[in-house]
Amino acid sequence: LTADKTIEISSKYPLVKLEEIALHIETGSRPTGGVGGINEGVLSLGGEHIDNKSGYLNLSSLKYIPVDFYNKAIRGKLHKNDLLICKDGALTGKVALVRNELIGKSAMVNEHVYIIRCKELETQKYLFNILYSDIGQKLLKENITGSAQGGLNSTNLKNIKIPLPPLDVQQQIVAECEKVDEEYNTVQKTIEENKRKIEKLMSEVKGEMKRLGSLVEISRGASPRPINKYLTEDSNGVNWIKIGDVAVGEKYITKTAQKITKEGAEKSKYVKPGDFIISNSMSTGRPYILKISGCIHDGWLLMSNISERINKDYFYYILSSSSIQKQFTENALGGVVQNLNTTRVSTIQIPVPSFAEQQHIVQEIETYEAAITAAKAVMATCAEKKKMILYKWL
């Protein structure tokens, strides 16, 4: 069965197929066998490098291809102002515009990303803002085909229709949207600056070095198997914490997506509000503070019965600091999927100043966090502002 297409755009300007707007649509590639183990060369960008909120590139986790492979490639090479669209997987349809992120760097997209180039630069930027908008994202997602996560095939992509105003109107739209982008960039810098202040503060903490094993009880979680047997939609079920319930950068776990039966939870370890859950696979070592009761957790590490010598907010920030995160990484076992061993983690050392000093550190960080929260609130309005610009002109 195929869902009816429901997204329709009403505009005073003609609707034109994307293939008539774009001068060039292509995707890239990678060497046979992938890019694992390649630590230098030319940047290889995939869907994970398209920031799904900002429309910018995210270069925090880089991958590379050999220079020789790049030199021989005939497609997929990136240029400034290229429009990128994730073509398959969980991020299908997410878009980014290459701005100044790649200055002085050579880069190429892999087979999971489309590059789109238009004849006119203003049309290129206009197209980005259309596809980045709510209606553009709905159009892209409506054209996803295939089972499971699916993807955007080139035929469907080329047949997407968007309003195409005259070039002077496109220029007006782009100019107004770029003012919003400037506002976004300003608050983004505020966020980054306050994060640097937090990291600097935590790197300078002085205090007695103590083993984690002497400050908390460390154990591993487990869920019943097969899990499908015990999943339930009963409101009286047991909350089941798993990796998809919380995003990197969040501090608290406040809800879970699924529940299991009480029978399924009988052999699992319950956790309580105030306990720390430590990620054991994606973003290994990231801490989260539990805010809900009646939970079991799936394979992550649990830190409970925290010493009275430790302020829990201080504990969160010190565990999140780069020096302690490095220790988590160094103590992880395994290759592609890393595992934190309870014995190894117990040997990680953290500085423990006086309780009064811990409180002072937390208070200072809270001022930085407040500035970050205010900046994020401004960022959250940017998409709506662009939406209103498009509505006004189109």
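Residues numbered from 1 in each chain as written. Predicted model: local features only at pLDDT ≥ 70, side-chain atom pairs only at ≥ 80, totals over all residues. Heavy atoms only, no water.

Trainee: Which residues make up the overall build of the chain, and what values go with them?
Mentor: The number of helices and strands found in the chain is 10 helices and 23 strands. Seen through its C-alpha atoms, the chain measures out along the principal axes to roughly 70 × 50 × 45 Å. Across the 394 residues that make up the chain, the buried fraction comes to 47%. As displayed, the chain offers around 20500 Å² of accessible surface, 50% of which is attributable to carbon and sulfur atoms. Positive and negative side-chain charges in the chain, numbering 52 and 45 respectively, have mean positions lying 2 Å apart. (Helix = DSSP H or I, 4+ residues; strand = E, 2+ residues; numbered from the N terminus. Buried < 20%, exposed > 50% of the residue type's maximum accessible area, 1.4 Å probe, protein only. Areas by Shrake-Rupley, 256 points an atom, 1.4 Å probe, with all protein chains shown as cover. Lys, Arg positive; Asp, Glu negative; His and termini not counted. Charge placed at Lys NZ, Arg CZ, Asp CG, Glu CD.)

Trainee: So what about the layout of surface pockets? Which residues, and what values?
Mentor: If a probe the size of a water molecule is rolled over the atoms, the empty space left behind becomes visible. Taken as a whole, the second largest pocket encloses approximately 330 Å³ of empty space. In terms of lining, the second largest pocket is formed by 14 residues, of which the most central are Ile9, Ile135, Leu390, Tyr391 and Leu394. Looking at the lining of the second largest pocket, the elements that each hand over two or more residues are helix H4 (134–142) and helix H10 (355–393). When grouped by side-chain class, the residues that make up the lining of the second largest pocket number 7 nonpolar, 3 polar and 4 charged. (1 Å grid on protein atoms, 1.4 Å probe; cavity = no way out; pocket = protein on both sides within 12 Å on 5 of 7 lines; lining within 4 Å. Points joined across faces, edges and corners; volume = space filled by probe spheres on them. Nonpolar A, V, L, I, M, F, W, Y, C, P; charged D, E, K, R; others polar.)

Trainee: Can you tell me about the nonpolar core, naming the residues and giving the values?
Mentor: Judged by nonpolar contacts, the single largest core of 74 residues is most densely connected at Leu212, Met303, Phe315 and Phe328. The element that contributes the greatest number of residues to this core is helix H6 (residues 167–203), accounting for 11 residues. Not counting residues up to four positions away in its chain, the partners in contact with Leu212 are Ile218, Met303, Phe315, Leu319, Phe328, Val345, Ser346, Ile348 and Ile350. The next biggest cluster of nonpolar side chains, apart from the first, holds 15 residues, and it includes Ile50, Leu84, Ala107 and Val109. (Core = buried A, V, L, I, M, F, W, Y, C linked by side-chain atoms within 4.5 Å. Contact = heavy atoms within 4.5 Å.)

Trainee: Give a description of the sheet that holds strand E20 (residues 301–304) that names residues and reports values.
Mentor: In spatial order, the strands read E11-E20-E17-E18-E14; together these 5 strands make up an open sheet with mixed pairing. Only two strands of the sheet have a single partner each, and these edge strands are strand E11 (217–220) and strand E14 (252–253). Sheet analysis places strand E17 (residues 276–278) next to strand E18 (residues 287–290), joined by 3 bridges and oriented antiparallel. Looking at the pairing, Phe276 lines up with Ile289 of E18. (Pairing = 2+ DSSP bridges.)

Trainee: Break down the sheet that holds strand E7 (residues 107–109) for me, with residues and values.
Mentor: Strand order in the open sheet formed by 3 strands is E4-E3-E7, and the pairing between neighbours is mixed. Taken across any chain shown, the strands that pair with only one partner, and hence form the sheet edges, are strand E4 (64–65) and E7. Relative to E4, strand E3 (residues 42–45) is paired through 2 bridges, and the arrangement is antiparallel. Bridge pairing in E4 links Leu43 to Tyr64.

Trainee: Hey, could you go over the environment of Leu91 for me, with residue numbers and the actual values?
Mentor: If you trace the backbone, Leu91 turns up in the loop between strand E5 (83–86) and strand E6 (95–97). For Leu91, a relative accessible area of 25% gives the class partly exposed. Taking C-alpha positions, Leu91 is 9.5 Å from Asp51, a pair spaced 40 residues apart along the chain. Contact partners of Leu91, with chain neighbours within four places excluded, come to Gly47, Glu48, Asn52 and Cys86.

Trainee: I'd love a proper account of the pattern of salt bridges, names of residues and values included.
Mentor: Opposite charge on two side chains lets them pair, provided their charged atoms get close. Inspection of every chain in the model, using the stated rule, returns 16 salt bridges. Here Glu204 makes a salt bridge to Lys200, at a shortest N to O gap of 2.8 Å. Each of Glu26, Asp82 and Arg117 takes part in a single network of salt bridges with overlapping partners. (Salt bridge = Lys/Arg side-chain N within 4 Å of Asp/Glu carboxyl O.)

Trainee: Residues and numbers for unusual backbone geometry, please.
Mentor: Phi is positive for Asn81, which is not a glycine, with a value near 75°. Among the structural elements, Asn81 can be located in the loop between helix H2 (67–72) and E5. Asn81 gets classed as buried once you look at its relative accessible area, which sits at 16%.

Trainee: Account for the pairing of strand E13 (residues 238–241), with residues named and values stated.
Mentor: Of the two faces of E13, the one lined by Val238 and Trp240 and the one lined by Asn239 and Ile241 are each fully buried. One ladder, built from 3 bridges, connects E13 with strand E15 (residues 258–260); its direction is antiparallel. The partner of Val238 across the bridge, within E15, is Ile260. One ladder, built from 3 bridges, connects E13 with strand E19 (residues 295–297); its direction is parallel. Among the inter-strand pairings, Trp240 is bridged to a residue of E19, identified as Ile296.

These figures come from the coordinates and say nothing about function on their own.
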